[in-house]
Amino acid sequence: MSYRAPLDAFRQAMAVIGSQRLAETARFSEATPETVEAVLGEAGRLAADVLAPLQRPGDLHPARLENGVVRSSPGYADGYAAIVDGGWVGICADAAHGGMGLPQTLGSAVGEMFASSCLSLSLCPLLSQGQIDALENHAPDWIRALWLPKLVSGEWTGTMNLTEPQAGSDVGALTSRAEPVGDGSYKISGQKIYISWGDHDMAGNVLHLVLARLPDAPPGTRGVSLFIVPKRIDFDDGPARPNSLRVVSLEHKLGLHGSPTCVMEFDGAVGWLVGPENGGMACMFTMMNNARLGVGVQGVGIAEAACQKALAFALERKQGRTPTGNGRGPIADHADVRRMLMQMQVLTTVSRMLCLDCAFSLDMARAAPAADRDAWAARGAALTPIAKSFGTDAGCAVADLGIQIHGGMGFVEETGAAQLLRDVRVTTIYEGTNGIQALDLVGRKLADGGAAVFALIEEMRAAAISDAALNALDDATRWMLDAAPQDRAAGASAYLEAFALVLGARYLERAAALAPEDGRASALAAFHRARNLPQAIALCAEAKAGSQTLYAVEPEALAS
């Protein structure tokens, strides 16, 4: 079946999180209900009519490296041009640089539709949007004036270059070097790996944000600086010339075949400092936090696509006698298939509302009255690792259930069910693994004594969410605050999942309350209450189990 934009689901989610308040602020006064409807409708048509047909060709005909140039998958250049023509790259960018200036809440909804229809291609503008955010916040004026309009329009695209062969999650171990030239520029040398859309033939230039070390920089992350390094040095006062960088190779991957994942080599490439010397991590985290929410949204997008595909198949495929009819009926009427369909819908709905709620909090941190902004910022910061981790885990779980509903046909590539799982799997890894998100939640996000987290718990308590699950989460939070770091780390992933499930109850119960006549909303809330909230209680118990059982034997002893 073809993809269709879930506009009713977006309307429901935005009502649940209260995003209409954005239009009441001076910053986002143009985000009226009429504007929101128009934007969602146009983006939905683009996703369904232009991007979705590129999903399968990108998988069958991956990006390839030819004579040092990356060639994109068939149709991708036209698809990207349609994104550019609609102004979608700059949907949330400052109007001063040509953007629409719309809230991230609306941008996240658009991003979900693009991810549902063709995740490989949608990753390219997502990276540009993260770079736009970083440059708007940290770049010197001349860089913002010169290059932001090119990124915002989509004429050029952006990347982020962190990972090196010896430095993945341990960013402080990177060895790329930056030597000052004396004219304000630097010579950047080193190799970076896993660079999504590090090169392609769809835009006129690629701007790389690169982490590197200045001479005599302190060790670890304290000695990392951020530089912008263009593929082509293209100033208005002279012809463009190639920079000293190249694509060494493209990775052969499980999924996302249409998205080129490059090994990049910088050999004295010219670059310019973004932010202060040795302050690169703070600058890059602006981009990474933007991208982490965006990656959570990617998980939701794949979950939605898997739901649509599985439901269509389950309603059409007839096998065995069903409880609701005579003779052979659609497999959707079998109890276990109903269980899977309901769980897919619940996980998709919860993760969508969670990501949009996170985006809404970050929007309010910029648009609310000054006295309220810190609280909104803390709320958005606490929700970011939960949205990234739970959104991508949900994408994997829902895509996996989609294959199961298809049965043997799910294991056959022609149905497209398998591609969804292959494509979404990396989202739990890149932009900070989900384990790192959990450590962030129980580490940095509890560093304020748990104030932001307890504020979320009180929100749920006011909404009369299940006392047992909420009390278990409250208790686990207090345990985390008192626990030794290793014990906290051992329970972090379970704690994050429990938090997401309890938040999910709040969203679903509110959706049911806002539309009591909507049988679907009430059914999803009841399913989650009966089947998922008990898991949250068990997960809270796991979160407090400590680290002793993890270190009872040495890893070598695990071999059979």
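In case you missed it, the structure is sitting above this.
Here is what the cut-offs are and how they apply
Residues numbered from 1 in each chain as written. Predicted model: local features only at pLDDT ≥ 70, side-chain atom pairs only at ≥ 80, totals over all residues. Heavy atoms only, no water. Helix = DSSP H or I, 4+ residues; strand = E, 2+ residues; numbered from the N terminus. Rg over C-alpha atoms; globule rule 2.2 N^0.38 Å. Buried < 20%, exposed > 50% of the residue type's maximum accessible area, 1.4 Å probe, protein only. Contact = heavy atoms within 4.5 Å. Lys, Arg positive; Asp, Glu negative; His and termini not counted. Charge placed at Lys NZ, Arg CZ, Asp CG, Glu CD. Core = buried A, V, L, I, M, F, W, Y, C linked by side-chain atoms within 4.5 Å. Axes fitted to C-alpha atoms, helices over the stretch in contact; angles between N-to-C directions. Left-handed = near helix turned anticlockwise from the far one by under 90°. Nonpolar A, V, L, I, M, F, W, Y, C, P; charged D, E, K, R; others polar. Polar contact = N/O pair within 3.5 Å; in protein donor to acceptor, adjacent residues only side chain to side chain. Salt bridge = Lys/Arg side-chain N within 4 Å of Asp/Glu carboxyl O. Expected span 1.5 Å × (residues − 1). Phe/Tyr/Trp six-rings, centres within 6.5 Å; stacked < 30°, edge-to-face > 60°. Lys NZ or Arg CZ within 6 Å of the ring centre and 35° of its normal. Disulfide = S-S within 2.5 Å.

Asks: Go over the overall build of the protein, please, and point to the residues and values.
Replies: Across its full length, the protein holds 17 helices and 13 strands. In terms of C-alpha radius of gyration, the protein reaches 24 Å, essentially the compact-globule figure of 24 Å for 560 residues. C-alpha atoms of the protein, sized along the principal axes, occupy 75 × 60 × 55 Å. When the 560 residues of the protein are sorted by exposure, 56% land in the buried category. Here the analysis covers contacts within the protein between residues at least 6 apart in sequence; of these, 74% occur between residues at least 24 apart. The distance from the centre of the 46 positive side-chain charges to the centre of the 61 negative ones in the protein is 4 Å.

Asks: Provide a residue-level description of the nonpolar core, including the pertinent values.
Replies: Core analysis: the largest hydrophobic core is formed by 161 residues, its most contacted members being Tyr-495 and Phe-499. Here Tyr-495 is in contact with Leu-441, Val-442, Val-453, Leu-473, Ala-476, Thr-477, Met-480 and Ala-543, once residues within four sequence places are set aside. The next biggest cluster of nonpolar side chains, apart from the first, holds 18 residues, and it includes Ile-188, Val-210, Cys-262 and Leu-273.

Asks: Any chance you could break down unusual backbone geometry for me, citing the residues and the numbers?
Replies: The phi dihedral of Trp-197 is positive, around 55°, even though this residue is not glycine. For Trp-197, the location among the structural elements is in the loop between strand E5 (185-196) and strand E6 (205-212). Accessibility expressed as a relative area gives 1% for Trp-197, which makes it buried. Even without glycine at this site, Asp-216 takes up a positive phi of about 65°. Looking at the element boundaries, Asp-216 is found in the loop between E6 and strand E7 (225-230).

Asks: Any chance you could break down helix H12 (residues 434-442) for me, citing the residues and the numbers?
Replies: Three or more residues of H12 are buried, namely Asn-434, Gln-437, Ala-438, Asp-440, Leu-441 and Val-442. On its buried face, H12 sits against helix H8 (280-316), helix H10 (370-406), helix H14 (467-482) and helix H15 (485-514).

Asks: Residue-level account of the environment of Met-264, with values.
Replies: You can see Met-264 is positioned in strand E11 (residues 261-274). Sequence-wise, Met-264 and Val-248 are 16 residues apart; in three dimensions their C-alpha atoms are separated by 5.8 Å. Each residue touching Met-264, except ones within four places of it in the same chain, is listed here: Asn-161, Gly-190, Gln-191, Lys-192, Ile-195, Gly-198, His-208, Leu-245, Arg-246 and Val-247.

Asks: Hey, could you go over the packing of helix H5 (residues 104-117) against helix H9 (residues 335-367) for me, with residue numbers and the actual values?
Replies: Put simply, H5 and H9 touch, their axes get as near as 8 Å, and they point 150° apart. As for how H5 packs across H9, the hand of that crossing is right-handed. Here Gln-104, Thr-105, Ser-108, Ala-109 and Glu-112 of H5 lie close against H9, whose contacting residues are Arg-352, Leu-356, Ala-359, Phe-360, Leu-362 and Asp-363. For the contact of H5 with H9, the residue count by class is 5 nonpolar, 3 polar and 3 charged.

Asks: Pulling in residues and values, what's your account of the side chain of Ser-189?
Replies: As for its placement among the helices and strands, Ser-189 is situated in strand E5. For Ser-189, the side chain forms a polar contact with the main-chain nitrogen of Gly-268, separated by 2.9 Å. Dropping the residues within four chain positions of it, Ser-189 is found in contact with Ser-176, Arg-177, Phe-266, Asp-267 and Gly-268.

Asks: Give a description of the pattern of salt bridges that names residues and reports values.
Replies: Oppositely charged side chains can form a pair if their charged atoms are brought close together. The final tally for this structure, using the stated rule, is 28 salt bridges. One salt bridge in this structure joins Asp-357 and Arg-379, with 2.9 Å as the shortest N-O distance. Residue Asp-357 is located in helix H9, and its partner Arg-379 is located in helix H10; the two are separated by 22 residues in the primary sequence. The same class applies to Asp-357 as to Arg-379, namely buried. One salt bridge connects Arg-478 with Asp-474, and the closest N-O pair in it is separated by 2.6 Å. Of this pair, Arg-478 and Asp-474 both sit in helix H14, 4 residues apart, which is roughly one turn of the helix. A cluster of three or more residues bridged by salt bridges with shared partners is formed by Arg-56, Asp-59, Glu-413 and Arg-422.

Asks: How would you summarise helix H2 (residues 33-51) if you had to cite specific residues and measurements?
Replies: End to end, H2 covers 26 Å across 19 residues, agreeing with the expected 27 Å (1.5 Å per residue, within 8%). The inward-facing, buried residues of H2 contact helix H1 (7-17), helix H3 (55-60), helix H4 (76-85), H5 and helix H6 (119-138).

Asks: Please set out the packing of aromatic side chains residue by residue, giving values where relevant.
Replies: In the structure shown here, the tally under the stated rule is 8 aromatic pairs. Ring geometry for Trp-88 versus Phe-114: centroids 6.2 Å apart, planes at 90°, classification edge-to-face. One end of the pair, Trp-88, is in the loop between H4 and H5; the other, Phe-114, is in helix H5, and 26 residues separate them in sequence. Grouping residues by exposure puts Trp-88 and Phe-114 together as buried. Here Trp-142 and Trp-147 contribute two aromatic rings whose centre-to-centre distance is 5.9 Å and whose plane-to-plane angle is 55°, an arrangement assigned as tilted. Trp-147 sits in the buried class, given a relative accessible area of 1%. Put simply, the rings of Trp-142, Trp-147 and Trp-272 pair up and form one aromatic cluster. Taking the ring centre of Phe-10 as reference, the NZ or CZ of Arg-352 above it sits at 5.3 Å.

Asks: How would you sum up the state of the cysteines? Please name residues and give values.
Replies: As enumerated under the stated definition, the model contains 0 disulfides in all. Note on Cys-92: no disulfide assigned, nearest cysteine sulfur contributed by Cys-358 at a separation of 13 Å.

Asks: How would you explain the side chain of Glu-304 if you had to name every residue and give the values?
Replies: Locating Glu-304 in the fold gives a position in helix H8. The exposure class of Glu-304 is buried, given its relative accessible area of 7%. A polar side-chain atom of Glu-304 sits 2.8 Å from a polar atom in the side chain of Gln-308. Ignoring sequence-local partners within four residues, the contact set of Glu-304 consists of Tyr-3, Pro-6, Glu-112, Ser-116, Thr-348 and Arg-352.

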